Amino acid sequence: MKEQKPADANPVQGEGDYKAARDYKRDIDKFVKDKGNDIPDLAKDAEKAVEGPEGADLARAEEKGKSKARH
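Below is a summary of the structure that appears in this document. Please read these numbers as outputs of a predicted model, since none were measured by experiment. (Residues numbered from 1 in each chain as written. Predicted model: local features only at pLDDT ≥ 70, side-chain atom pairs only at ≥ 80, totals over all residues. Heavy atoms only, no water.)

A count of helices and strands for the chain gives three helices and zero strands. Secondary structure of the chain in N-to-C order comes out as α-α-α. The proportion of buried residues among the 71 residues of the chain is 4%. Within the structure as shown, the chain displays about 7000 Å² of accessible surface, and the carbon and sulfur contribution to it stands at 54%. (Helix = DSSP H or I, 4+ residues; strand = E, 2+ residues; numbered from the N terminus. Buried < 20%, exposed > 50% of the residue type's maximum accessible area, 1.4 Å probe, protein only. Areas by Shrake-Rupley, 256 points an atom, 1.4 Å probe, with all protein chains shown as cover.)

Set out below in structure tokens:
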């Protein structure tokens, strides 16, 4: 009989990175639980920031982040 390994003993990477998916879901669930009622206001604040004076800095930061993304 084949011995079973713990889930983290042989993690699948790439699009099958199950631990990362679980961590992401846990963090999203916590954020929604803690800040759920504030999400519409946070979205409005973000929209104002993008359209305001700091918009150019935010666009540069976004491009920098995209340049480091793995595809």
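Now that the structure is up, let's keep going.
This model, assessed by the stated rule, comprises eight salt bridges. The salt bridge partner of Lys30 is Asp34, with a shortest N-O separation of 2.6 Å. One end of the pair is Lys30 and the other is Asp34, both in helix α1 (residues 18-35) and four residues apart, which spans about a single turn. When its relative accessible area of 53% is taken as the criterion, Lys30 is described as exposed. Among the residues examined, Asp34 registers a relative accessible area of 45% and is labelled partly exposed. (Salt bridge = Lys/Arg side-chain N within 4 Å of Asp/Glu carboxyl O.)

Turning to a nonpolar patch on the surface, a few remarks are in order. Together, Tyr24, Ile28, Phe31, Val32, Ile39 and Leu42 make up an exposed nonpolar region whose accessible area comes to about 540 Å². When contributions to the nonpolar patch are tallied by element, the ones reaching two or more residues are α1 and α2 (39-51). Among the elements that make up the nonpolar patch, the one with the highest residue count is α1 (four residues). Within the secondary structure, Leu42 is located in helix α2. With relative accessibility at 39%, the residue Leu42 sits in the partly exposed group. (Patch = residues over 30% accessible without salt bridge, like charges linked within 9 Å, V, L, I, M, F, W, Y side chains within 5 Å.)

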